[in-house]
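Topology and contacts: notes
Each chain is listed here by its residues.
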Amino acid sequence: MKPYSEYSAEELAMENLFIRWVRFPNDPPIRSFWENWMVKYPNKKDTIEKARELVLITSEWKPEILSNQDVNSLWDRIRTSLEIIKERETGDAPQEPFAEILRPKNIILGVISMALIGILCFIFLIFIR
């Protein structure tokens with residue numbers, strides 16, 4: 001595990017100790033830890049502020065409840081996308097209709113989007129405990 005001083009704002013915003021400090025700032029041991037840490041690493045002020053903002057935003061976030069139809073539709077779209085990618089990798093798919101969708105840039109954006117959705121789900125699960 002790397003030290004907090006090497007964390008990005010996004011990584012800090014996912015740390016339980018940091019989340020507890022932001023959500024419960026009057027907890028003496030946690031407050032003391034982070035206040036001392038900020039004195040030791042004053043160059044991380046912007047990172048702390050950004051991470052704190054991320055935690056506060058996600059704390060206020062109330063997800064919409066998806067209907068079963070919406071969930072099934074989303075899974076169908078994911079399966080279709082995976083099939084297209086698999087066909088593209090094996091060379092069985094026609095090149096023209098999906099050429100734009102399967103450009104490396106678009107695939108990377110899709111992977112990043114799915115990662116962000118995963119992170120948001122993870123944060124949501126932490127808060128509903």
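The structure presented is a predicted model; accordingly, all values stated were derived computationally and were not measured.

Observations regarding the pattern of salt bridges
Taken as a whole and judged by the stated rule, the model has 4 salt bridges. In this structure, Glu-10 engages Lys-50 in a salt bridge whose closest nitrogen and oxygen atoms are separated by 3.4 Å. Separated by 40 residues along the polypeptide, Glu-10 in helix H1 (residues 9-12) and Lys-50 in helix H4 (residues 45-60) bring together distant segments of the chain. For Glu-10, a relative accessible area of 40% puts it in the partly exposed group. With a shortest N-O distance of 3.7 Å, Arg-31 and Glu-35 are connected by a salt bridge.

Some words on the packing of aromatic side chains
Under the criterion given, the structure shown has 9 aromatic pairs. Aromatic pair Phe-33 and Trp-34: ring centres 5.0 Å apart, planes at 90°, arrangement edge-to-face. Judged by relative accessible area, Trp-34 falls into the buried class, the value being 0%. Measuring from centroid to centroid gives 5.5 Å for Trp-34 and Trp-37, while their planes differ by 70°, and the two rings are edge-to-face. Taken together, the residues span about one helical turn, with Trp-34 and Trp-37 both in helix H3 (residues 28-40) at a distance of 3 residues.

Thoughts on the packing of helix H2 (residues 16-23) against H4
Packing of H2 against H4 leaves a shortest axis separation of 10 Å and a crossing angle of 75°. Judged by the angle between their axes, H2 and H4 are roughly perpendicular. Within the contact between the two elements, H2 uses Phe-18, Ile-19, Trp-21, Val-22 and Arg-23 and H4 uses Ile-48, Ala-51, Arg-52, Val-55, Leu-56 and Ser-59. Taken together, the residues of the contact of H2 with H4 sort by class into 8 nonpolar, 1 polar and 2 charged.

Points about H4
With 16 residues, H4 extends 23 Å from end C-alpha to end C-alpha; this agrees with the ideal 22 Å at 1.5 Å per step. Where H4 is concerned, the buried positions are Thr-47, Ile-48, Ala-51, Val-55 and Thr-58. Down the axis of H4, the buried set is contained in an arc of 100°. They therefore lie on one face. Of the residues in H4, the exposed ones pointing more than 90 degrees away from the buried face are Lys-45, Asp-46 and Glu-60.

Here we look at the nonpolar core
One finds Leu-12, Phe-18, Trp-21, Trp-34 and Ile-48 to be the most contacted residues of the largest nonpolar core, which totals 15 residues. Listed by contribution, the elements that provide at least two residues to this core are H1, H2, H3 and H4. It is H2 that provides the largest number of residues to this core, a total of 4 residues.

What counts and what doesn't
- Residues numbered from 1 in each chain as written.
- Predicted model: local features only at pLDDT ≥ 70, side-chain atom pairs only at ≥ 80, totals over all residues.
- Heavy atoms only, no water.
- Salt bridge = Lys/Arg side-chain N within 4 Å of Asp/Glu carboxyl O.
- Helix = DSSP H or I, 4+ residues; strand = E, 2+ residues; numbered from the N terminus.
- Buried < 20%, exposed > 50% of the residue type's maximum accessible area, 1.4 Å probe, protein only.
- Phe/Tyr/Trp six-rings, centres within 6.5 Å; stacked < 30°, edge-to-face > 60°.
- Axes fitted to C-alpha atoms, helices over the stretch in contact; angles between N-to-C directions.
- Parallel < 35°, antiparallel > 145°, perpendicular 65-115°, else oblique.
- Contact = heavy atoms within 4.5 Å.
- Nonpolar A, V, L, I, M, F, W, Y, C, P; charged D, E, K, R; others polar.
- Expected span 1.5 Å × (residues − 1).
- Arc of directions from axis to C-beta.
- Core = buried A, V, L, I, M, F, W, Y, C linked by side-chain atoms within 4.5 Å.

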